[in-house]
Amino acid sequence: MTSWGTAPAVLDQFTLAGGASLKLYRGKPGWAASDTYAWAEVVLPAKPGVKAWLFDMVDNGMSVEPALIEHPAAFRTVSGITAMFDKGDFVRACIDDGVQQGCTGGYGVATTSNSRVIALVPPCGDHCREVDPDIITAWSTGPVRDPAKKVQLASGAWVQIVTGQGAYGMYPYGSYPYRYTWAETGLPTPGSRMWLEQYRGMGRWGNVWGPFGGDGGRRTGSGRTSAFATAAEVRACVTDGTETHCTSEDGTAGVVPTQAPCVEVPCEGVDPSTVGAWLEGHEPDQVAVVSAYQGGKVTVYAGRPAWDPEHEYRWAEAELPPNSTKARAWLEYQDQSGTEERNTFTPLGHPAASRVTTGHTGMFVQNGDSRRRIRACFDDGKQWGCEGGFRPSYLQGPDGPCAEPCTGLDPATITTWLHDPTEGQRVTLSGGASVALKTGDPRWSRTGVYAWADGTVPAAAGARIWIEDKGADGVYRTIAERTTSGATGMAGVPSPAVRACVTDGTKTVCTAPGV
């Protein structure tokens, strides 16, 4: 550069203990006098792993956040000068010599040693949010074991919150070292365990806490949890199977937590009347009502208990006809976790998920990791009804001929349809044999669409028509077939991959997948 509107000036400079150095410049070229450019000059040792880089401070409207300048010339692994970038008032620069990491301070004005960050390179690479505390060998503060954050049970089981700030920089933004929190514990008796909890806020019944740290935040034997880089308020809880307490901030003997009724949340089948505290804003709320043909109804509720604020639970309150020996209410689920979602609901295989008398079911997770959807159904002996789920908001119909799905049922026996049968693609062999994929919703169906194959075949050895569906393992399997012209039995749980096929004994053809 030969002409400058504003001559280059050093905004910040420093040298690491190993000799690596950095100078951050700012200036306005003569050909762009209205724009401020920034760049860095670095001296790096000749060894693997050293680096220098620039990053920008971006105002997103709510706060100013760092962002790497994604350009090859903004990085260096050998001594030299980076390219110039026209974000001069907001650019910062860092160097890393494999032992120390240093980053320039603030932006917009000349900085001082008080505003830059020079720290040790972290032992866990670029991701140090959860680490074994043993690998952190250098601390700027701590570790601190505050006696007020320790609780011990009569059985001898105990837990202690520990905090500390590592003496490490955090690539790539030169942030100040993380403040870590973890727990140490002694669990001398069988059945003892400890876990970490994070403060969730104030609920209607008091403070609400929830599980924190996953597997790294709990133990069933003496030792320590993972160390977590978090600014959240964290406490540790310990139980010996008889007594349970959590650490507190004020040095008292500990607080009794709002305990989940199971070891690992979510807790399935819990009686909703036993839940004493709910997450504020997520108290039990009526979400659906299903009315019974001969009287009675099923009311569906949703809520988040304080002991598991991460999950929404659903349950049903059933009012069933008192004189019916066949009346029942139950919960079903639809699992959306697969890539090929099946158009069916499956009854929950849990004793608390069904009723044959008036009363409420247990609680079951609506939005767990499996992306499960829950709906409630009833059958009064003559009619059934279900909350809609992904179909219309309410479904009802007469009882069917079997416990659904009725796989293999002859479609000719269906006298009433919710949606009349439709014919999809028809494929034909050169000799005239053909097959079509047909679908329809029997009036009594709770699971939705049924599919079958309908075609013509010659009276020849090996000739047949069949319908097949693809399993979770990706393999197609025959559901129903016939060796003469006509319709096969119906597939009661068709996936989007279901198809109809025909062979004349020599050649074979199948329809395109789809219902």
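Rules of the game
Residues numbered from 1 in each chain as written. Predicted model: local features only at pLDDT ≥ 70, side-chain atom pairs only at ≥ 80, totals over all residues. Heavy atoms only, no water. Helix = DSSP H or I, 4+ residues; strand = E, 2+ residues; numbered from the N terminus. Buried < 20%, exposed > 50% of the residue type's maximum accessible area, 1.4 Å probe, protein only. Contact = heavy atoms within 4.5 Å. Areas by Shrake-Rupley, 256 points an atom, 1.4 Å probe, with all protein chains shown as cover. Pairing = 2+ DSSP bridges. Salt bridge = Lys/Arg side-chain N within 4 Å of Asp/Glu carboxyl O. Disulfide = S-S within 2.5 Å. pLDDT = per-residue confidence, 0-100. Axes fitted to C-alpha atoms, helices over the stretch in contact; angles between N-to-C directions. Core = buried A, V, L, I, M, F, W, Y, C linked by side-chain atoms within 4.5 Å. Phe/Tyr/Trp six-rings, centres within 6.5 Å; stacked < 30°, edge-to-face > 60°. Lys NZ or Arg CZ within 6 Å of the ring centre and 35° of its normal.

Within the protein chain, the secondary structure is distributed over 0 helices and 41 strands. Counting across all 515 residues of the protein chain, residues that qualify as buried make up 46%. Relative to all contacts within the protein chain whose residues are 6 or more apart in sequence, the contacts with residues 24 or more apart total 58%. By element, 50% of the accessible surface of the protein chain is carried by carbon and sulfur atoms, the whole surface being about 24,100 Å².

Counting buried positions over the 5 residues of strand β32 (residues 383-387) gives 5, a clear majority of the element. The alternating pattern of β32 places Q383, G385 and E387 and W384 and C386 on opposite faces, both of which are buried. When strand β31 (residues 372-379) meets β32, the two strands line up antiparallel, connected through 3 bridges. Bridge pairing links D379 to W384 in β32.

Right, let's get into the pattern of salt bridges. One pass over the structure, following the stated rule, counts 13 salt bridges. Across the salt bridge formed by D96 and K51, the nearest N and O atoms sit 3.6 Å from each other. Within this pair, whereas D96 is found in strand β8 (residues 91-96), its partner K51 is found in strand β4 (residues 51-59), the two being separated by 45 residues in sequence. With a relative accessible area of 4%, D96 lands in the buried category.

With the rule as written, the count across this model stands at 4 disulfides. Here C94 pairs with C103 through a disulfide, and the sulfurs are 2.0 Å apart. In this structure, the disulfide formed by C94 and C103 twists by about 110 degrees around the S-S bond and is classed as right-handed. When its relative accessible area of 0% is taken as the criterion, C94 is described as buried. Looking at C103, the relative accessible area reads 0%, which means it is buried. Across a sulfur-sulfur distance of 2.0 Å, C501 and C510 are joined as a disulfide pair. Between C501 and C510 the disulfide shows an S-S torsion of about 105 degrees. By sign, it is right-handed.

Here 7 bridges tie strand β34 (residues 417-428) to strand β35 (residues 434-442), and the two strands are oriented antiparallel to one another. For T422, the partnering residue across the bridge sits in β35 and is T439. Hairpin remark: β34 followed by β35, antiparallel, with 5 residues in the connecting loop; positive phi at G432, about 110 degrees.

Counting all residues, the mean pLDDT for the protein chain is 83, and 84% of those residues have values of 70 or more. Per-element confidence in the protein chain is highest for strand β7 (residues 80-81), whose mean pLDDT is 96, and lowest for strand β33 (residues 394-398), whose mean pLDDT is 60. Scored below 50 in pLDDT, residues 107-112 makes 13 contacts in the model with residues more than four places away or belonging to other chains.

The 4 strands are arranged β1-β2-β3-β7 in an open sheet whose pairing can be described as antiparallel. Two strands in the sheet have a free side with no partner beyond their single neighbour: β1 (4-15) and β7.

Further remarks concern the sheet that holds strand β40 (residues 499-504). Here 4 strands make up an open sheet; going across it, the order is β38-β37-β40-β41 and the pairing antiparallel. At either margin of the open sheet sits one strand with a lone partner, and together these are β38 (476-482) and β41 (508-510). Each strand axis lies, on average, 25 degrees off the axis of its neighbour in the sheet, ignoring direction. For strand β37 (residues 463-470) and β38, the ladder comprises 6 bridges, and the chain directions are antiparallel. Among the inter-strand pairings, W466 is bridged to a residue of β38, identified as E481.

Here the focus is the nonpolar core. Counting 19 residues, the largest nonpolar core has L22, L44, L54 and I95 as its most contacted members. Looking at this core, the elements with two or more residues in it are β1, β2 (21-29), β3 (37-43), β4 and β8. Discounting chain neighbours no more than four positions away, the residues touching L44 are A20, V50, K51, A52, R76, T77, V78, S79 and I95.

Moving on: the packing of aromatic side chains. As enumerated under the stated definition, the model contains 10 aromatic pairs in all. Each member of the aromatic cluster is reached from another via a ring pair, and the members are W4, Y25 and W39. Taking the ring centre of W466 as reference, the NZ or CZ of R464 above it sits at 3.8 Å. In this arrangement the basic side chain of R499 is found over the ring face of Y476, its NZ or CZ atom lying 3.7 Å from the centre.

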